[in-house]
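Chain residues, written in single-letter form:
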Amino acid sequence: MKELNEGLESYDVITHANEMFVAEELTEDEEKLLDELGIVGESRRKFLGQVGAAGFGMLALQVLTSQEMFAAEGGGFEVASPKADAIENAVKVVMKINGDKKSLNVDSRMTLLDALRERLGLTGSKKGCDHGQCGACTVIVDGERILSCLTLMATCEGKDVTTIEGIASGEKLHPMQEAFIKYDGFQCGYCTPGQICSSVALLDEAEKGEVSFVTENISAKSRSMTLSDDEIRERMAGNLCRCGAYPNIVKAIKEVHRGEETAATWNFATPNNDNVAENKIKEDAQNETV
Ligand code: FES
Ligand code: FES
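Residue numbers here run from 1 along each chain, matching the order of that chain's written sequence. Here the convention is simple: chains get letters from A, ligands get numbers from 1, in the order in which they are written. Local features in a predicted model are, by the rule used here, given only for residues with pLDDT of at least 70; side-chain atom pairs are given and counted only at 80 or more, and totals for whole chains, interfaces and linings are based on all residues.

### Observations concerning the overall build of the chain
Piece 1. Within the chain one finds 9 helices and 5 strands.
Piece 2. Reading the secondary structure of the chain in the N-to-C direction produces α-α-α-β-β-α-β-β-β-α-α-α-α-α.
Piece 3. The exposure label follows from counting other C-beta atoms within 10 Å of a residue's C-beta, where the C-beta atoms are placed from the backbone and the thresholds are 20 or more for buried and 12 or fewer for exposed, leaving partly exposed in between. Each of the 290 residues in the chain was classed as buried or not, and the buried ones make up 24%.
Piece 4. Any pair of residues counts as being in contact when their C-beta atoms, constructed from backbone geometry, are within 7 Å of one another. Contacts spanning at least 24 positions in sequence make up 56% of the contacts within the chain whose residues lie at least 6 apart. Numbered from the N terminus, helices here are DSSP runs of H or I no shorter than four residues, and strands are runs of E no shorter than two.

### Describing the packing of helix 5 (residues 175-182) against helix 6 (residues 192-208)
Piece 1. Note on geometry: axes are lines fitted to C-alpha atoms, helical ones only across the stretch in contact, with angles between N-to-C directions running from 0 to 180 degrees. Packing of helix 5 against helix 6 brings their axes to within 10 Å, and their N-to-C directions diverge by 130 degrees. Classified by the interaxial angle, the pair formed by helix 5 and helix 6 is oblique. Between helix 5 and helix 6 lies a crossing whose hand is right-handed. Within the contact between the two elements, helix 5 uses Met-176, Gln-177 and Phe-180 and helix 6 uses Thr-192, Ile-196, Ser-199 and Val-200.
Piece 2. Considered class by class, the residues forming the contact of helix 5 with helix 6 number 4 nonpolar, 3 polar and no charged. Should an angle fall under 35 degrees it is taken as roughly parallel, and over 145 as roughly antiparallel, whereas 65 to 115 is taken as roughly perpendicular and any remaining angle as oblique. Crossing chirality is assigned from the near helix's rotation relative to the far helix, an anticlockwise turn below a right angle marking it left-handed and a clockwise turn marking it right-handed. Ten residue types, Ala, Val, Leu, Ile, Met, Phe, Trp, Tyr, Cys and Pro, are classed as nonpolar, four, Asp, Glu, Lys and Arg, as charged, and the remainder, Gly among them, as polar.

### Regarding the sheet that holds strand 3 (residues 138-141)
Piece 1. When DSSP locates at least two bridges between a pair of strands, those strands are taken to pair. What the 5 strands build is an open sheet, ordered 2-1-5-3-4; its pairing is mixed. Edge positions in the sheet fall to strand 2 (100-107) and strand 4 (144-147), since each has one partner strand and no second. Ignoring which end each strand starts from, the neighbouring axes of this sheet average 40 degrees apart.
Piece 2. Relative to strand 4, strand 3 is paired through 4 bridges, and the arrangement is antiparallel. Pairing of Ile-140 across the sheet is with Arg-145, part of strand 4.

### Regarding helix 5
Note: α-helices contain 3.6 residues per turn, so residues at a spacing of three or four share the same orientation.
Piece 1. Looking only at helix 5, the buried set comprises Met-176, Gln-177, Ala-179, Phe-180 and Lys-182.
Piece 2. At its buried positions, helix 5 is contacted by helix 6 and helix 8 (246-258).
Piece 3. Where helix 5 terminates, the next one or two residues include Asp-184, which has phi positive at roughly 60 degrees.

### Some thoughts on the environment of Glu-88
Piece 1. As for its position among the elements, Glu-88 is in the loop between helix 3 (41-69) and strand 1 (90-97).
Piece 2. Taking C-alpha positions, Glu-88 is 8.3 Å from Val-106, a pair spaced 18 residues apart along the chain.

### Some words on unusual backbone geometry
Excluding glycine, residues mostly have negative phi values, and the peptide bonds linking residues are mostly trans.
Piece 1. One non-glycine residue with positive phi stands out, namely Asn-98, at about 50 degrees.
Piece 2. One can find Asn-98 in the loop between strand 1 and strand 2.
Piece 3. Using a count of 16 C-beta atoms within 10 Å as the deciding quantity, one classes Asn-98 as partly exposed.

### Let's talk about helix 6
Piece 1. The first and last C-alpha atoms of helix 6 sit 24 Å apart over 17 residues, in line with the 24 Å expected at 1.5 Å per residue.
Piece 2. Those residues of helix 6 hidden inside the fold are in contact with strand 3, strand 4, helix 5, helix 7 (229-235) and helix 8.
Piece 3. The positive-phi residue at the C-terminal boundary of helix 6 is Gly-209, with phi of around 75 degrees. How far a helix is expected to stretch is found by multiplying one less than its residue total by 1.5 Å.

### Observations regarding the confidence of the model for the chain
Piece 1. pLDDT is a per-residue confidence score from the predictor, ranging from 0 to 100. Of all residues in the chain, 68% have pLDDT values of 70 or greater, and the mean over the chain is 81.
Piece 2. Predicted confidence for residues 69-77 stays below pLDDT 50, and this span has 11 contacts to residues more than four positions away or in other chains.

### Observations regarding the environment of Asn-105
Piece 1. Counting through the fold element by element, Asn-105 comes out in strand 2.
Piece 2. In sequence terms Asn-105 and Pro-82 are 23 residues apart; their C-alpha atoms lie 8.3 Å from each other.

Structure below.
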């Protein structure tokens, strides 16, 4: 019993110490954070009494750091830039990204993919393999599709980069994006930004009459060619899809490339369709009981 009482007393001492910390040691940022979390009054006292000074200090540091990292510049999802003198081997790169002029100080070894994702918050371009094998990072630079994981940001000075975020025109999707939706050209969607950037650039390649490994009778080719399914498959071979959405991707690209619309073979699950399914279940159940 004596030990229990001593234990409770020491608990009281700790709790009291934490309450003192609550009253006296919160910084302005910590106060603000607790207000944002809606922890006020008695709940705040209890919460801080439980987590203690060190625990809350760590939590506040983590939350405030992540808030700073994702702080919006210009209302977007842009990540704050480190100061030029804090970057090793810094080079300044001025370029256009999705139509907007950007000026960035980057480590000369930074890839375009990392700059897009880590410095500009354009996370549509995906890092699949980071070795030029999967195509998930494909973006369009000066009209040509490239692998941004194998492209140094420092080589993009003065270039015009289009990422998946810049493919649509405002709220209006690019026809290729619409076709991917129509033909169900994706499952998890991880490879999809790269697939779409690649296929948009592929349309231009066909328009310019650029040949591929499977193009027959190269000498007879003129500007603008109609791509067969094999041509599309060959030209999209650098974009891997682990979900295996390939047949639908080919259909989507073919429709946009040829401009011949075909009817989708599936429907969205509308409330009416749900009712049809529900009625069918009810009907089957009734038949079973008869
Ligand atoms: S991430 Fe660039 S090719 Fe895979
Ligand atoms: S849709 Fe999942 S990897 Fe292509």
